Amino acid sequence: LLQIAGWSAMALLSFLSLTIWYNPGEWQPAMHTLLQSFLGIFISHPLRWVASLTWSSSWLVRALANGAGVLVASLLWTAARLASFTWITGEAIPPSDWGGWVFASVIVFGAWSFCYHALKYYRAWLFQRQYVAEAQNELLKAQASAQEESFRRLEAEKHFRETQLRMLKYQLSP
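As the structure is a computational prediction, the values presented were derived from the model and not from experiment. Residues take numbers from 1 onward in each chain, read along the sequence in its written order. Local features in a predicted model are, by the rule used here, given only for residues with pLDDT of at least 70; side-chain atom pairs are given and counted only at 80 or more, and totals for whole chains, interfaces and linings are based on all residues. Only hydrogens and water are set aside when side-chain values are computed; all heavy atoms of the structure are taken into account.

J.: Talk me through a nonpolar patch on the surface; I want residue IDs and the actual numbers.
T.: On the surface, Leu12, Phe15, Leu16 and Ile20 cluster together into a nonpolar patch covering about 360 Å² of accessible area. With respect to the helices and strands, the residue isoleucine 20 is situated in helix 1 (residues 2-22). Each patch groups residues whose relative accessible area exceeds 30% and which form no salt bridge, using 9 Å between like charges and 5 Å between nonpolar side chains of Val, Leu, Ile, Met, Phe, Trp and Tyr. Per-residue and other accessible areas follow the Shrake-Rupley method at a 1.4 Å probe size, with only the shown protein chains counted as cover for residues. Throughout this description, the term salt bridge denotes a Lys or Arg side-chain nitrogen within 4 Å of a carboxyl oxygen of Asp or Glu. Strands are runs of DSSP state E lasting at least two residues, helices are runs of H or I lasting at least four, and both sets are numbered from the N terminus onward.

Structural data, given as structure tokens:
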């Protein structure tokens, strides 16, 4: 669901900031914008696997694996975007412009990876916070139970003393 929402936002942002601005009224660039976001969903999905597989690894392994994943996904997405743009518009992009397409792809997939990890850390933090809150509640319940038991014991001792006093009183004046 977050994948679809994120890539839909990417399509909308790209459409509003590039397609409408540079190609007003043309349907081919708009179709390319939709297609590149659709392709992005499929190309970014393996990044989730890479991040999940390396989640419990060291920072270095995680950074290298996710960085390589971002680079591979960026190159694949760039190639798919260039091919689909040429196929839809019939306009070939010269190799001298490919660098800008790769750069944008690295930014997009780097942001995707960042958001994935930020959400994963946030969920872990929420889980820890919930675990700590539950532990604190259990501790408070145990303390309350101990206080209640202490109160009952004191009440019983009070009743015992009162009973002893009544018995002594009865012995003194039968």
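J.: Would you mind going over the pattern of salt bridges in detail, with residue names and values included?
T.: In this structure the tally under the stated criterion is four salt bridges. For glutamate 149, the salt bridge is made with arginine 152, and the minimal N-O distance between the two is 3.5 Å. In this pair, glutamate 149 and arginine 152 are both assigned in helix 4 (residues 98-172), three residues apart and thus about one turn of the helix distant. When accessible area is computed with a 1.4 Å probe and restricted to protein chains, residues below 20% of their type maximum are described as buried, those above 50% as exposed, and intermediate ones as partly exposed. The class for arginine 152 is partly exposed, based on a relative accessible area of 46%. A cluster of three or more residues bridged by salt bridges with shared partners is formed by Glu148, Glu149 and Arg152.

J.: If you had to explain helix 3 (residues 59-89) to someone new, which residues and values would you point to?
T.: By this rule the span expected of a helix is its residue count minus one, scaled by 1.5 Å. For helix 3, with 31 residues, the first-to-last C-alpha span of 43 Å sits near the 45 Å given by 1.5 Å per residue. Residue glycine 90 follows helix 3 closely and has a positive phi angle near 75°.

J.: Go over the packing of helix 3 against helix 4 with me, naming the residues and quoting the values.
T.: It is at 8 Å that the axes of helix 3 and helix 4 come closest, and there the two elements cross at 135°. By the criterion of interaxial angle, the relationship of helix 3 to helix 4 is oblique. Our pair here, helix 3 against helix 4, has a crossing hand that is right-handed. Across the interface between the two elements, Trp59, Arg62, Asn66, Val70, Ala73, Ser74, Leu75, Trp77, Thr78, Arg81, Leu82 and Phe85 of helix 3 pack against Trp98, Trp101, Val102, Ser105, Val106, Val108, Phe109, Gly110, Ser113, His117 and Tyr121 of helix 4. When the residues that make up the contact of helix 3 with helix 4 are grouped by side-chain class, the tally is 14 nonpolar, seven polar and two charged. Between N-to-C directions, angles span 0 to 180 degrees; the directions come from axes that are lines fitted to C-alpha atoms, helices contributing only their stretch in contact. Comment on the angle field: the value is read as roughly parallel under 35 degrees, roughly antiparallel over 145, roughly perpendicular from 65 to 115, and oblique elsewhere. Handedness of a helix crossing follows the sense of rotation of the near helix relative to the far helix, less than a right angle counterclockwise being left-handed and clockwise being right-handed. The contact criterion used is simple: two residues touch if any of their non-hydrogen atoms lie within 4.5 Å. For this classification, the nonpolar set comprises Ala, Val, Leu, Ile, Met, Phe, Trp, Tyr, Cys and Pro, the charged set comprises Asp, Glu, Lys and Arg, and every other residue, Gly included, is treated as polar.

J.: Please provide a residue-by-residue account of the packing of aromatic side chains, values included.
T.: Geometry of aromatic contacts follows a simple scheme: Phe, Tyr and Trp rings, the Trp one being its six-membered ring, pair when their centres are within 6.5 Å, and the pair is stacked under 30 degrees between planes, edge-to-face over 60, tilted otherwise. Using the criterion set out here, one finds nine aromatic pairs in the structure. Plain terms: the ring middles of phenylalanine 85 and tryptophan 101 are 5.8 Å apart, the flat faces sit at 65° to each other, and that makes the pair edge-to-face. Linking phenylalanine 85 in helix 3 with tryptophan 101 in helix 4, this pair joins segments that are 16 residues apart in sequence. Here the two residues phenylalanine 85 and tryptophan 101 agree in accessibility, since each one is buried. With a centroid separation of 5.6 Å and an interplanar angle of 5°, the aromatic rings of tryptophan 112 and tyrosine 116 are classed as stacked. Within this pair, tryptophan 112 and its partner tyrosine 116 are both found in helix 4, separated by four residues, close to a single helical turn. An aromatic cluster is defined as three or more aromatic residues linked by ring pairs; in this entry it consists of Trp7, Trp77 and Phe109. Consider the ring centre and the ring normal. A charge sits over the ring if Lys NZ or Arg CZ is within 6 Å of that centre and within 35 degrees of that normal. Seen from the ring of tryptophan 77, arginine 81 lies directly overhead, with NZ or CZ sitting 4.3 Å from the centre. The cationic tip of lysine 120 hangs over the ring face of tryptophan 55; the distance from NZ or CZ to the ring centre is 5.2 Å.

J.: Summarise the confidence of the model for the protein; cite the residues concerned and give the values.
T.: Every residue gets a pLDDT, meaning the predictor's confidence in that residue, from 0 to 100. Taken residue by residue, the protein gives an average pLDDT of 89. The fraction at 70 or more is 100%. Taking the mean pLDDT of every element in the protein, the minimum, 82, falls on helix 1 and the maximum, 93, on helix 3.

J.: Kindly report on helix 1, identifying the contributing residues and their values.
T.: The terminal C-alpha atoms of helix 1 lie 29 Å apart, and with 21 residues this matches the ideal 30 Å at 1.5 Å per residue to within 8%. Of all the bends in helix 1, the largest measures some 40° and sits at phenylalanine 15. Turning to helix 1, its buried residues are Gln3, Trp7, Ala11, Ser14 and Thr19. Those residues of helix 1 hidden inside the fold are in contact with helix 2 (27-54), helix 3 and helix 4. At any given residue, the bend is defined as the angle formed between two axes, one fitted to the seven residues that end at that position and one fitted to the seven that begin there.

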